[in-house]
Amino acid sequence: MLASISSGNVSVGLLKNGVIDYHQTAELGYLKMKEILKSIEENSERFETLLMEFISINTQDIVENIRKRRIRRLFVSSHEVDVIAQLCGYNTRQDYYVINAEDFGKLCKVAGDLTVNQLLKKYPRLDQSEAETLNHTLMLYLKLLAETGVETFILIPMIIGDAFLDFEFQITKKQQLIDWIEEGSYLSAKKIRKKYHTSHRHSE
């Protein structure tokens, strides 16, 4: 399972035999949640619980499809990957980070109910912006972990600009990527046809 968390969306792709055959996006990024829940956050002593309930409601379709599969590996990319990796014990920047799900759960228990000022005091390495969105991102991660049941997961510090440049300038890989995307698109169309009982000919 691949999950990408941006400021406005969460995108999930499920791979089978190396090909994405399911993809869905929910409008549930860290800034989107902060904007919607700002007034509640300022007046609630149990914001962590409310935040998780909000995430659960808005990821029902994604969760339904995750539960149909056995997820062996989980890869996550988001704006705070390096920060979260540091909070989980990494001291230097890596190409990717292997995080123990149980240790991550402990981090969430410690940081989950802290206010922005309390987070800044407890974790001096955080800046104001990171502290303001940290809990929202942690809860999204926690939801993905709860639904997949993986014991470890991989954090990938990648942004879309990097991926786009790599895509454009590596010609051979570009064609391979196009073929891979098309194969996944065909599989997705067939799955949609099966789910909604539409025309086989139209799907093809």
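Structure first, text after, so check above.
Residues numbered from 1 in each chain as written. Predicted model: local features only at pLDDT ≥ 70, side-chain atom pairs only at ≥ 80, totals over all residues. Heavy atoms only, no water.

### Examining the pairing of strand β6 (residues 152-155)
Link 1 in the chain: Two strands pair when backbone bridges link them, and strand β4 (residues 75-78) and β6 are joined in this way by 2 bridges, in the parallel orientation. Counted as the bridge partner of V76 is L155 from β6.
Link 2 in the chain: In this sheet, β6 lies alongside strand β5 (residues 97-100) in antiparallel orientation, the contact comprising 4 bridges. Note on β6: the bridge partner recorded for N100 is T152. (Pairing = 2+ DSSP bridges. Helix = DSSP H or I, 4+ residues; strand = E, 2+ residues; numbered from the N terminus.)

### Brief notes about the side chain of T148
Link 1 in the chain: Locating T148 in the fold gives a position in helix α7 (residues 128-148).
Link 2 in the chain: Polar contacts involving the side chain of T148 include one to the main-chain carbonyl oxygen of L144, which spans 2.9 Å.
Link 3 in the chain: At a separation of 3.4 Å, a polar atom in the side chain of T148 contacts the main-chain carbonyl oxygen of L145.
Link 4 in the chain: Discounting chain neighbours no more than four positions away, the residues touching T148 are M1, I66, I71 and L74. (Polar contact = N/O pair within 3.5 Å; in protein donor to acceptor, adjacent residues only side chain to side chain. Contact = heavy atoms within 4.5 Å.)

### Digging into the packing of helix α5 (residues 101-111) against α7
Link 1 in the chain: Interhelical geometry of α5 versus α7 gives an angle of 145° and a closest axis separation of 10 Å. Note on packing geometry: the crossing formed by α5 with α7 is left-handed. The residues of α7 that touch α5, namely those facing A101, F104, G105, L107, C108 and A111, are N135, L138, M139, Y141, L142 and L145.
Link 2 in the chain: Here the contact of α5 with α7 is composed, by residue class, of 10 nonpolar, 2 polar and no charged. (Axes fitted to C-alpha atoms, helices over the stretch in contact; angles between N-to-C directions. Left-handed = near helix turned anticlockwise from the far one by under 90°. Nonpolar A, V, L, I, M, F, W, Y, C, P; charged D, E, K, R; others polar.)

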